[in-house]
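Secondary and tertiary structure notes
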Amino acid sequence: MEIRTPYLSVVIPVFNEELNIRELSERLNRVLTDMGCLYEIIFIDDGSSDSTLEILKHCQTEIPDMTIIEFNRNYGQHAAIFAGFEKSSGEIVVTLDADLQNPPEEIPKLVNKAEEGFEVVATVRINRKDSIFRRCASYVINKITAKITGVNLKDYGCMLRAYRRNIVQLMCESKEISTFIPVLATSYAKNTTEIEVKHNPRRGGETKYSLTRLISLQFDLMTSFSIWPLRMLMLLGLVVSLAGIGFGIFLLVIRVIMGSEWAAEGVFTLFAVLFFFVGGQFLAFGLLGEYIGRIYSEVRRRPRFVIENVHTRDEKKE
Ligand code: UDP
Ligand code: MG
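Owing to the predicted nature of the structure, the values given are computational and were not obtained by experimental measurement.

Structural notes on the site of ligand 1
Around ligand 1 sit 18 residues in total, of which Glu17, Asp46, Asp99, Thr207 and Lys208 are the nearest. Contacts to ligand 1 include Asp46, whose side-chain N or O atom sits 2.6 Å from a nitrogen atom. Between ligand 1 and Arg213, the relevant distance is 2.8 Å, taken from an oxygen atom to a side-chain nitrogen or oxygen of the residue. Look at ligand 1: alone it shows 530 Å² of surface, and the protein chains cover 96% of it.

Printed below as a string of structure tokens:
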């Protein structure tokens, strides 16, 4: 059998997206066929409990170069993308969401940019169609991420992105479990560019990111790319203890001047100060715990995901 290496790989993580898959694969197939290069589409079924997998298998009968990686349970969007990266072989790899928020019609634009020589093509969502809460959260996350990584991109959250093979290779070699792909890629890239892409409301189903999952993702981002929060913690500790010493001296002086009667009434001030310190300590412990927890899961070196099955159209190819 003739072995053809695709030029373009499209990696799509899916988790309970039965309402969107069919339209997505049709539109995707049309766009990629029009582009005229050799391509492969890799869907990663991240432990869906609805009929996503059946629909994917059905789509596979119509689309020649489509692979489905089936996870045995849900491991999260980023783990799914990693599985896709490991399977992919294209010179350019594009990732996108399955909910049609990222229009597949934008892919040629991304590929053109990558061909111009950019190792990572990031995107900014114009007229972003998400809830105000999500947009505010993203604004804060983007600012913090830009500060932490020193790479000033406007939108770290958009997963419609293109990477050159060398970057994908480096990401596959990065074995940490909790990570955030757009930032990881940017940290390896010689040059990154950011282009504007359209953004649509989610077509069917609901967002898979609840507030707790968003917070957990933010912690992944923060702890896996810098120890800057730890330094801030030390600085905060220093400032608080200096303030404590200053306040102690102040209380002593006041007591000497005003006498012991005043001091009794100062009890509540002391409480306030105490609470401040105790609160600060808990915050610090929490943050330390967050790092330690992550170190613990990294040293265990468990596999990032377990693949139940890989479905290719021509099963003999495997
Ligand atoms: N996703 C996944 N595993 C998960 C959560 C999400 O594979 O545990 C996929 C999901 O199917 C979609 C993409 O990741 O293709 C982005 O998810 P979603 O649209 O819910 O995120 P949002 O757009 O709200 O940030
Ligand atoms: Mg979405």
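Quick notes on the coordination of the magnesium ion (ligand 2)
Distances from the magnesium ion (ligand 2) to its protein donors, Asp99 (OD) and Gln101 (OE1), fall within 1.9 Å. Here Gln101 falls in the buried class, since its relative accessible area comes to 9%.

Some words on the environment of Glu40
Secondary-structure assignment places Glu40 in strand E2 (residues 39-45). Residue classification places Glu40 among the buried residues on the basis of a relative accessible area of 11%. Sequence separation between Glu40 and Leu8 is 32 residues; the distance between their C-alpha atoms is 6.4 Å. Here the side chain of Glu40 touches Ser89 through a polar contact of 2.8 Å, landing on its backbone nitrogen.

Observations regarding the packing of helix H1 (residues 21-35) against helix H4 (residues 107-115)
Put simply, H1 and H4 touch, their axes get as near as 10 Å, and they point 40° apart. One finds that H1 runs oblique with respect to H4. Listed contacts from H4 to Leu28, Val31, Leu32 and Met35 of H1 are Ile107, Pro108 and Val111. Here the residues of the contact of H1 with H4 sort into 7 nonpolar, no polar and no charged.

With respect to H1
When the terminal C-alpha atoms of H1 are compared, their 21 Å separation across 15 residues agrees well with the 21 Å that a helix rising 1.5 Å per residue should span. Here H1 has its buried residues at Ile21, Leu24, Ser25, Arg27, Leu28, Asn29, Val31 and Leu32. Phi for Gly36, located one or two positions after H1, is positive at around 80°.

A word on the nonpolar core
Membership of the largest hydrophobic core comes to 40 residues, with the highest contact counts inside it found for Ile44, Phe85, Tyr163 and Met171. Residue contributions to this core peak at 6 residues, all from helix H3 (residues 77-87). Residues Val10, Leu24, Val94 and Val121 belong to the second largest nonpolar core, which totals 33 residues.

Considerations on the packing of helix H6 (residues 165-173) against helix H7 (residues 181-188)
At their nearest, the axes of H6 and H7 sit 10 Å apart, and the two run at 115° to each other. Viewed along their axes, H6 and H7 form a crossing whose handedness is right-handed. Packed against H6, whose contacting residues are Ile167, Leu170 and Met171, the element H7 presents Ile181, Leu184, Ala185 and Tyr188 at the interface. Counted by class, the contact of H6 with H7 contains 7 nonpolar, no polar and no charged residues.

As for the pairing of E2
With 7 of 7 residues buried, E2 is to be regarded as a mostly interior element. Taking every second residue as pointing to the same face, both faces of E2 are buried, with Tyr39, Ile41, Phe43 and Asp45 on one and Glu40, Ile42 and Ile44 on the other. Alignment of strand E1 (residues 8-14) against E2, held across 7 bridges, turns out to be parallel. Across the sheet, residue Ile12 finds its bridge partner in E2, namely Phe43. The parallel pair E1 and E2 is bridged by H1, and the resulting crossover is right-handed. In terms of strand pairing, E2 meets strand E3 (residues 66-71) through 5 bridges, oriented parallel.

With respect to the side chain of Arg134
Counting through the fold element by element, Arg134 comes out in helix H5 (residues 132-149). Of the side chains bearing the opposite charge, Asp130 lies closest to the buried Arg134, which forms no salt bridge; the N-O distance is 5.2 Å. Contact partners of Arg134, with chain neighbours within four places excluded, come to Arg128, Thr207, Tyr209 and Leu214.

Rules and cut-offs
- In this numbering scheme, every chain counts its residues from 1 along its sequence in written order.
- By the order in which they are written, chains take letters starting at A while ligands take numbers starting at 1.
- Where totals are concerned, whole chains, interfaces and linings use all residues; where local detail is concerned, this predicted model gives features only for residues with pLDDT of at least 70, and gives and counts side-chain atom pairs only at 80 or more.
- Where side-chain values are given, they derive from all heavy atoms of the structure, hydrogens and water being excluded.
- Whether a residue is near a molecule or strand depends on its heavy atoms: it is near if one of them lies within 4 Å of it.
- Nitrogen and oxygen atoms within 3.5 Å of one another constitute a polar contact, given that in protein one can donate a hydrogen and the other can accept it, and given that sequence-neighbouring residues count only through two side-chain atoms.
- Accessible areas in this description were obtained via Shrake-Rupley with a 1.4 Å probe; residue shielding takes into account the shown protein chains only.
- In this analysis a donor is any N, O or S atom within 2.8 Å of a metal ion (3.2 Å for sodium, potassium and calcium), and since water is not included, sites may seem incomplete.
- Using a 1.4 Å probe on the protein chains alone, a residue whose accessible area is under 20% of its type maximum counts as buried, one over 50% counts as exposed, and one in between counts as partly exposed.
- Put simply, DSSP marks the helices as runs of H or I at least four residues long and the strands as runs of E at least two long, and each gets a number from the N terminus on.
- Note on definitions: angles span 0 to 180 degrees between N-to-C directions of axes, and those axes are lines fitted to C-alpha atoms, for helices only across the stretch in contact.
- To sort the angles, those under 35 degrees are grouped as roughly parallel, those over 145 as roughly antiparallel, those from 65 to 115 as roughly perpendicular, and the leftovers as oblique.
- Note on definitions: a residue-residue contact is assigned when non-hydrogen atoms from the two residues lie within 4.5 Å.
- Amino acid classes used here: Ala, Val, Leu, Ile, Met, Phe, Trp, Tyr, Cys and Pro are nonpolar; Asp, Glu, Lys and Arg are charged; the rest, including Gly, are polar.
- Between the first and last residue of a helix there are one fewer steps than residues, each counted as 1.5 Å, and that sum is the expected span.
- To qualify as a nonpolar core, a set must consist of buried Ala, Val, Leu, Ile, Met, Phe, Trp, Tyr and Cys residues joined through side-chain atoms within 4.5 Å.
- By definition, turning the near helix anticlockwise from the far helix through less than a right angle yields a left-handed crossing, and turning it clockwise yields a right-handed one.
- Any two strands are treated as partners once DSSP identifies two or more bridges connecting them.
- We call a crossover right-handed when, viewed with both strands directed away from the observer, the connection leading from the first strand over the helix to the second proceeds clockwise.
- The convention is simple: Lys and Arg are positive, Asp and Glu are negative, and His and the chain ends are not counted.
- By salt bridge we mean one thing: a side-chain nitrogen of Lys or Arg within 4 Å of a carboxyl oxygen of Asp or Glu.

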